[in-house]
Every structure is written in C-alpha cells, then in structure tokens.
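# Close look at the chain arrangement
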Amino acid sequence: MGEEVDLQEFTRGDRTRHREKVRRCLDVLARMLRESRFDAEDPMTGMEIEFNLVDDAGRPSLKSAEALEAIADPAFQTELAQFNLEINMPPRPLHARGASQYEDDLRASLNHAEERANEVDAHMVMIGILPTLEPGHLSPSKISPNPRYKLLSDQILAARGEDLVIDISGRERLQTTSDSIMPEAACTSTQLHVQVSPDDFAAYWNASQVISGIQLAVGANSPYLLGRQLWQETRIPLFEQATDTRSEELKEQGVRPRVWFGERWITSIFDLFEENVRYFPALLPITEQEDPVEVLDAGGTPSLAELKLHNGTIYRWNRPVYDVVDEVPHLRVENRVLAAGPTVVDTMANAALYFGLVRALAEDDRPVWTRMSFSAAEENFHVAAQHGIDARVYWPGVGEVPATELLLRRLLPMARDGLLRWGVDGDEADRLLGIIEQRCVLQRNGASWTVDRVAAHEAAGTDRDEALRLTLQEYRERMHANEPVHTWPV
C-alpha cells in the first residue's frame, strides 16, 4: 500500500511540486540505468505473506493491533483491515537450501504468531479471501488505525468522485457498493520478489506476465466472497474493482486502471516507471527534501522517494521495484498474483514454480513472449482466475490446452531446470514441484477443495453461512498441520 505516510490534506501546489519531482526522479533513474550502478552479483529472492485473523468460531477477529503487540516480531506489520496482518520474510538467495530455509523460517514464524495471537483470542489463517466475511467487516470503521490506509482510501474515493462499485459474476453474482477501499482488505496474497540486473529485468518481467495465468490456475484459493461463490480466484476482480479511481465515463474513454495487467511487452524497467508517470496522477503527492541529481552527482545513491511512493499506488500484478540497501541500489520484480495459503508447504511449492519457471523462460534463447501476443497472456490471466484448476489457456506451439496438462507435459520440467540454475538442490526442487504435479493430477487446489467441502455441507442440509464457517474451521486445522492441500480429504 506504499510507504509510511501521515494523515494530511494536499493542495494544488503540492501536486504540481510532486509531479515535477517525480519526473526529476525518473530522469535520474534513466541515468542510473545507463551507468550500471545496481547490485546483481548474488541475486536475492524475497517473500511477503498476508494473513487473516479469526476468532474461535471462524469469524473475522478485529484484533490486529493486539495481535501485533502480542507477537512482538518486527517482521509482522499491519495491513489494511483490523483483521489483517502481513509478514515480510528476510530476503535470501535460493542456493544453499534457501527454499527449505524459507519454509522452516516461515513455519516457525507462523507457529510463534499463532501461539501469541491465541493470547488475545485470535487465530492466523492463510487464505485468499475469508469465507466468513460479512458486509460489516468491510466498512470504514474496520480500517487499520495506521493513518496511511485512511489517507489512501480518501484519495482514491476523491479521485473517483463517487462510491466504488463491486460487480462480480461467477457461479453466482455479487453486486454492492462501498464508500471506502475496504473491500480490498478482503484480498490477502503472497508476494514473491526476485532481484535482477537492469539488463535482465525486461525478460524476467515479461516471463512473469506470461506465467501469471498458470500460477492462478494451480494456486487459486479465493472462491467465496460475502457468501457468494464467484471466481476460483475472486481476489483478481475484487482487487481490480476495489481500488478503481475511474468513473464509468473515464472507463469508456480508455483511461488505464490502477490495478493493471499492463498492455505490452517491455524492453526495460524504465518502460514501466515511465508509464506510471505518463498515465497515473499521484494519489499521495508527498515531496521529500532530497535532490536526487545532487545525491547522484556527489557519488551517493538517491532514494527516489517520490518515484517509489507513486509506484506503490499503481497495483500491477507484476510490479517493478527500485530499492536501496546499504547505499547500494537494486531492482526487483514483485510477483503479486498468488493468494495466501493454503499451507506453508503449498506456499513454498507455489514459490518454487514461480522462481523456477520465470528463470527458465527469461533465459530461453527464443523467448515465449516473442511468439505470443500480450493480449493472449492477459486473457490467460483472467480465464485462470475465473476457472482455476479447470482453466484452459493458450500456449505458443500448443494452442488452447488445460493448464494442468500444459504444466505436466511442458512447464514443470522447465521449472525444475530453472530451479537448478538458481542452485536449488534436485531433491528440494523435486519435492516442491511434486506438490504442483499432484495438484494437476488430482485436479485439486485450495479453491476446488473449499468449493467441494462447502457443497458437501450444503448437501447434508447445512445452510450456506454455516457451511462456509465449518469449512473454514476444517481449513484452519489442516493449514496448521501443514499437509499439502491436494492430500486433504473431501
């Protein structure tokens, strides 16, 4: 949701100064890219995971502040709603058993957080959308007390000029309105980061776009919202609509949405930041004192704070990231496609598929995006979000094919090769990708399991609300057992 900011109002002068500063930052970034000032010696990977809090009955628990105080771990922080938390895992390379270290550390952190959250009558759940959410949980009164969230909500609604409209048609249909961005709080995700050099960035971003639909097909985990069965990954249309600053008239004019798949393959990270500046007005026009030109001329590393803050309010599914660590700048692709959960081991399997496949495709002598239209990749993305494990996708040289068949026959071997290039041991790669393989064979992921369990409860005469609650309780128990979702009984 961007950098830490204070609650404030903005003048016309603030916006003019900010626009000029963002453009100055963009010029400095272009200069830095030309002068190769970036760290890419031993690329790091990163991971962020958002959690929901529930009470003993499986209903949302509005205790993020109390839970954070009890957890007392700086890796955990607030998210948009009082029933959300997020953990930032320390970045690391994938070689030297990095994937296993992620898994061990994440499991230990989750166990610790769950134990401490229990002290304030809350439980941690990794799931894309809580099935037990009710409309009242998405009201402005449930927003996190961190002032940046209210400020951002106010700015999005002010830019739009009217209430947000949520209209999602899937197996069932949901239509509602909101006077804040709180519906976005229903979406909890896993974000994967991969550090790359300026020369390699475009290939990794393009590859990430290509495989986003594949990720959704096998990783979908959000089939219900406010009691309705919608898309298998309902997070996608919900997030697109819950932060939309455009009125209906602006949509008709072709104005770009702030939650954006994009519209073209790129040749440089500069393409994405330049699009940000060209297409999107600032939501948070906060201007810092630093002059990035002076810092760069003096041999330092500019923070480019305005460019970063602006980028943080444009929600690409694969986002470019500029950051500075120990005075050394680096670039990352932030993959924002996946839902949270269902388990730690499923999360690591999803991560292994992404890290392996993106490297294999990025280093291919004949990149797949040179044989595939951008619109085909975008259609794959939304088709997979809607149909999940049953999705059919397009792939060059194959045509339209079930996503699971494409993975089994072609993409899983490529992902394994990519993981080996990262330095991941063969047994580690086989264990994690074997989980993806079994999901494909059994046609089961988090979303399909949830739908099947709710249907089973309803067939036994349970009403929808209670079926959702009982299913979530079963989900939470199995999540903490850390058995992959394809093994869960239906």
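Let me begin by describing the structure that accompanies this report. What you see is a predicted model; the values in this text were computed from it and never measured.

### A closer look at the overall build of the protein chain
Helices and strands together make up the secondary structure of the protein chain, namely 16 helices and 15 strands. Taking 23 Å as the expected radius of gyration for a compact globule of 490 residues, we find that the protein chain reaches 22 Å, a close match to that expectation. Seen along its three principal axes, the alpha-carbon backbone of the protein chain occupies a region of about 70 × 50 × 45 Å. Contacts spanning at least 24 positions in sequence make up 76% of the contacts within the protein chain whose residues lie at least 6 apart. Accessible surface, the protein chain: about 18600 Å² in total, of which carbon and sulfur atoms supply 45%. Charged side chains of the protein chain number 51 positive and 80 negative; the gap between the two group centres comes to 4 Å.

### Let's talk about the pattern of salt bridges
Within the structure shown, the criterion is met by 37 salt bridges. Connected through shared salt-bridge partners, Arg31, Glu35, Arg37 and Asp297 make up one network.

### Regarding the side chain of Gln82
You can see Gln82 is positioned in the loop between strand S2 (76–78) and strand S3 (84–92). Here Ser141 takes part through its backbone oxygen, which lies 3.1 Å from a polar atom of the side chain of Gln82.

### Re the environment of Arg336
Here Arg336 is to be found in strand S13 (residues 328–339). A polar contact is formed between the side chain of Arg336 and the backbone oxygen of Arg316, at a distance of 3.0 Å.

### Digging into the packing of helix H11 (residues 344–362) against helix H14 (residues 426–442)
The geometry of H11 relative to H14 is characterised by a closest axis approach of 8 Å and an angle of 95° between their N-to-C directions. Judged by the angle between their axes, H11 and H14 are roughly perpendicular. Residues Val345, Asp346, Met348, Ala349, Asn350, Ala352 and Leu353 of H11 pack against Arg431, Leu432, Leu433, Ile435, Ile436 and Arg439 of H14. The class makeup of the residues in the contact of H11 with H14 is nine nonpolar, one polar and three charged.

### Observations concerning the packing of aromatic side chains
Using the criterion set out here, one finds 15 aromatic pairs in the structure. Measuring from centroid to centroid gives 5.1 Å for Phe261 and Phe381, while their planes differ by 40°, and the two rings are tilted. Remark: Phe381 occurs in helix H12 (residues 374–387) and Phe261 occurs in the loop between strand S10 (259–260) and helix H8 (269–279); sequence separation between them is 120 residues. Three or more aromatic residues joined by ring pairs form one cluster here, namely Phe239, Phe261, Trp265, Tyr315, Trp317, Phe374 and Phe381.

### Regarding unusual backbone geometry
Cis geometry marks the peptide bond from Gly341 to Pro342; its omega dihedral reads 0°. For Pro342, the position within the fold is in the loop between S13 and H11. Located in the positive-phi region is Arg97, a residue other than glycine, with phi close to 65°. Residue position: Arg97 is located in the loop between S3 and helix H3 (98–118).

### Points about helix H1 (residues 12–35)
A rise of 1.5 Å per residue sets the reference length of H1, with its 24 residues, at 34 Å; its end C-alpha atoms lie 35 Å apart and thus fit the reference within 8%. For H1, the set of buried residues is Asp14, His18, Lys21, Val22, Cys25, Leu26, Val28, Leu29, Ala30, Met32 and Leu33. Elements in contact with the buried residues of H1: helix H5 (198–219), H8, helix H9 (292–297), helix H10 (305–311), strand S12 (318–325) and S13.

### What to know about the side chain of Ser208
Tracing the backbone through its elements, the reader meets Ser208 in helix H5. Relative accessible area serves as the criterion here: at 0%, Ser208 is assigned to the buried category. A polar side-chain atom of Ser208 sits 2.8 Å from the main-chain carbonyl oxygen of Tyr204. Excluding anything up to four places from it in sequence, Ser208 contacts Gln215, Asn318, Val333, Tyr354 and Val358.

### What about H8?
If you check which residues of H8 are buried, you get Ile269, Asp271, Leu272, Phe273, Glu275, Asn276 and Val277. Among the residues of H8, the N-terminal cap falls to Ser268, whose side-chain oxygen and the backbone nitrogen of Phe270 are separated by 3.0 Å.

### Some details on the pairing of strand S14 (residues 392–395)
In S14, alternate side chains face the same way, and those of Val393 and Trp395 are buried while those of Arg392 and Tyr394 on the opposite face are not. Between the antiparallel neighbours S14 and strand S15 (residues 399–402) lie three residues, among them Gly397 with a positive phi of about 80°.

### With respect to a nonpolar patch on the surface
On the surface, Leu408, Val441 and Leu442 cluster together into a nonpolar patch covering about 240 Å² of accessible area. Relative to the assigned elements, Val441 resides in helix H14. Take Val441: its relative accessible area is 49%, and that puts it in the partly exposed class.

### So, the packing of H3 against H11
The description of two packed helices rests on the angle between their axes and on the distance between the axes. In the contact formed by H3 and H11, the axes pass within 10 Å of each other and the chain directions differ by 150°. In the packing of H3 onto H11, the handedness of the crossing is right-handed. Residues Ala99, Tyr102, Glu103, Leu106, Arg107 and Leu110 of H3 form the contact with H11, whose participating residues are Val344, Val345, Thr347 and Met348. Within the contact of H3 with H11, the residues separate by chemical class into seven nonpolar, one polar and two charged.

### Structural notes on the pairing of S12
Across eight bridges, the pairing between S12 and S13 is antiparallel. When the sheet's bridge partners are listed, Arg319 is paired in S13 with Glu334. If you look at the hairpin formed by S12 and S13, you'll find two residues sitting between the two strands, and Asp326 has a positive phi there, around 55°.

### Considerations on the environment of Leu419
Mapped onto the secondary structure, Leu419 falls in helix H13 (residues 403–422). For the pair Leu419 and Gly356, spaced 63 residues apart in the sequence, the C-alpha separation amounts to 4.3 Å. In contact with Leu419, not counting residues within four places along its chain, are Ala352, Phe355, Gly356, Val424, Ala429 and Leu433.

### So, the environment of Tyr149
Its place among the elements puts Tyr149 in helix H4 (residues 147–160). As for Tyr149 and Ser303, which are separated by 154 residues in sequence, their C-alpha atoms are 23 Å apart. A distance of 3.1 Å separates a polar atom in the side chain of Tyr149 from the backbone oxygen of Thr78.

Here is what the cut-offs are and how they apply
- For every chain, the first residue of the written sequence is number 1, and numbering continues from 1 along that sequence.
- It should be noted that, the model being predicted, local features are given only for residues of pLDDT at least 70 and side-chain atom pairs only at 80 or more, the latter also being counted only at that level, while totals for whole chains, interfaces and linings use all residues.
- Values reported for side chains reflect all heavy atoms of the structure, with hydrogen atoms and water molecules removed beforehand.
- In this description a helix means any DSSP run of H or I spanning at least four residues, a strand means any run of E spanning at least two, and both kinds are numbered starting from the N terminus.
- Every radius of gyration here is taken over C-alpha atoms, with the globule rule written as 2.2 Å times N^0.38, N being the number of residues.
- Contact criterion: two residues are considered in contact whenever any of their non-hydrogen atoms come within 4.5 Å of each other.
- Method for areas: the Shrake-Rupley scheme with a 1.4 Å probe, in which residue coverage is limited to the protein chains shown.
- The charge count includes Lys and Arg as positive and Asp and Glu as negative, but it does not include His or the ends of the chains.
- All charge positions are set by atom: Lys at NZ, Arg at CZ, Asp at CG, Glu at CD.
- By definition here, a salt bridge exists when the distance from a side-chain nitrogen of Lys or Arg to a carboxyl oxygen of Asp or Glu is within 4 Å.
- Whenever two N or O atoms come within 3.5 Å, that pair is a polar contact, provided that in protein one can donate a hydrogen and the other can accept it, and provided that, for residues adjacent in sequence, both atoms are side-chain atoms.
- To obtain each axis, a line is fitted to C-alpha atoms, and for helices this fit is confined to the stretch in contact; angles are then taken between N-to-C directions over 0 to 180 degrees.
- Just so you know how the angles are binned, under 35 degrees is roughly parallel, over 145 roughly antiparallel, 65 to 115 roughly perpendicular, and the rest oblique.
- For this classification, Asp, Glu, Lys and Arg are treated as charged, while Ala, Val, Leu, Ile, Met, Phe, Trp, Tyr, Cys and Pro are nonpolar and the rest, including Gly, are polar.
- Under the pairing criterion, centres of Phe, Tyr and Trp rings, with the six-membered ring standing for Trp, must be within 6.5 Å; the plane angle then separates stacked pairs below 30 degrees from edge-to-face pairs above 60, leaving the rest tilted.
- Each residue after the first adds 1.5 Å to the expected span of a helix.
- The buried label goes to any residue with under 20% of its type's maximum accessible area, the exposed label to any with over 50%, and the partly exposed label to all in between, with areas taken from a 1.4 Å probe on protein chains only.
- Being paired, for any two strands, means DSSP has found at least two bridges between them.
- Exposure above 30% relative accessible area and the absence of a salt bridge qualify a residue for a patch, where like charges join within 9 Å and nonpolar side chains (Val, Leu, Ile, Met, Phe, Trp, Tyr) within 5 Å.
- In this scheme the crossing of two helices becomes right-handed for a clockwise turn of the near helix relative to the far one and left-handed for an anticlockwise turn of less than a right angle.

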